Amino acid sequence: MKQDIDYFNGISTEDLFNRFMQKLYSKTQFIQYNDPDDFFDPEQEYGNHITECIAEEKDFIRELILSTSAEAGIALTNERVEELVQQKREEINKLTGSAIEEYIEKISVTYIDPVPECSQKYLVQQWVCILRKFIKSLLGR
């Protein structure tokens, strides 16, 4: 006889979606320090935040399933747990729709350039710094 169990302890898909959106909107301002020699993809900072939110949500769902099944005395295989997590994520994704795109439109990214390496007060120091950088670039260091 198969037991029907609510692995989500009464937490609805909509509740999980709202929890995800709250976590997502917890950070809407990003600061990026640009090194003049580095290329920065503007999606990098908020892309990492979105990825972290999704990973945290999966972990929360996984822990919810594991704790509920343990309380019920049911042992689940890792494969079954991951299957349940994936099913729930798919349900949440149906609710998400364009919510992530709307979030991206509402964020702001501030770019801050660091102080140039060779901006010393005295001209001689600037030239020595520039010469040192040039020699380093020739040596490949």
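Thresholds, definitions, all that
Residues numbered from 1 in each chain as written. Predicted model: local features only at pLDDT ≥ 70, side-chain atom pairs only at ≥ 80, totals over all residues. Heavy atoms only, no water. Axes fitted to C-alpha atoms, helices over the stretch in contact; angles between N-to-C directions. Helix = DSSP H or I, 4+ residues; strand = E, 2+ residues; numbered from the N terminus. Parallel < 35°, antiparallel > 145°, perpendicular 65-115°, else oblique. Left-handed = near helix turned anticlockwise from the far one by under 90°. Contact = heavy atoms within 4.5 Å. Nonpolar A, V, L, I, M, F, W, Y, C, P; charged D, E, K, R; others polar. Buried < 20%, exposed > 50% of the residue type's maximum accessible area, 1.4 Å probe, protein only.

**Some details on the packing of helix H1 (residues 13–24) against helix H3 (residues 78–96)**
Item 1. Relative orientation of the contacting elements H1 and H3 amounts to 70 degrees, with a least axis distance of 9 Å. Overall, the two elements H1 and H3 adopt an arrangement that is roughly perpendicular. When the axes of H1 and H3 are compared, the crossing they make is right-handed. Listed contacts from H3 to Thr13, Glu14, Leu16 and Phe17 of H1 are Lys88, Glu91, Ile92, Leu95 and Thr96.
Item 2. Tallied by class, residues from the contact of H1 with H3 come to four nonpolar, two polar and three charged.

**Considering unusual backbone geometry**
Item 1. With a phi angle near 50 degrees, Asn9 is a residue other than glycine that sits in the positive phi range.
Item 2. You can see Asn9 is positioned in the segment before H1.
Item 3. Asn9 gets classed as exposed once you look at its relative accessible area, which sits at 52%.

**Some words on the environment of Phe17**
Item 1. Assignment of secondary structure puts Phe17 in helix H1.
Item 2. By relative accessible area, Phe17 is classed as buried at 15%.
Item 3. Sequence separation between Phe17 and Leu95 is 78 residues, and the spatial gap between their C-alpha atoms is 7.1 Å.
Item 4. Those residues in contact with Phe17 that sit more than four places away from it in its chain are Ile92, Leu95, Thr96 and Ala99.

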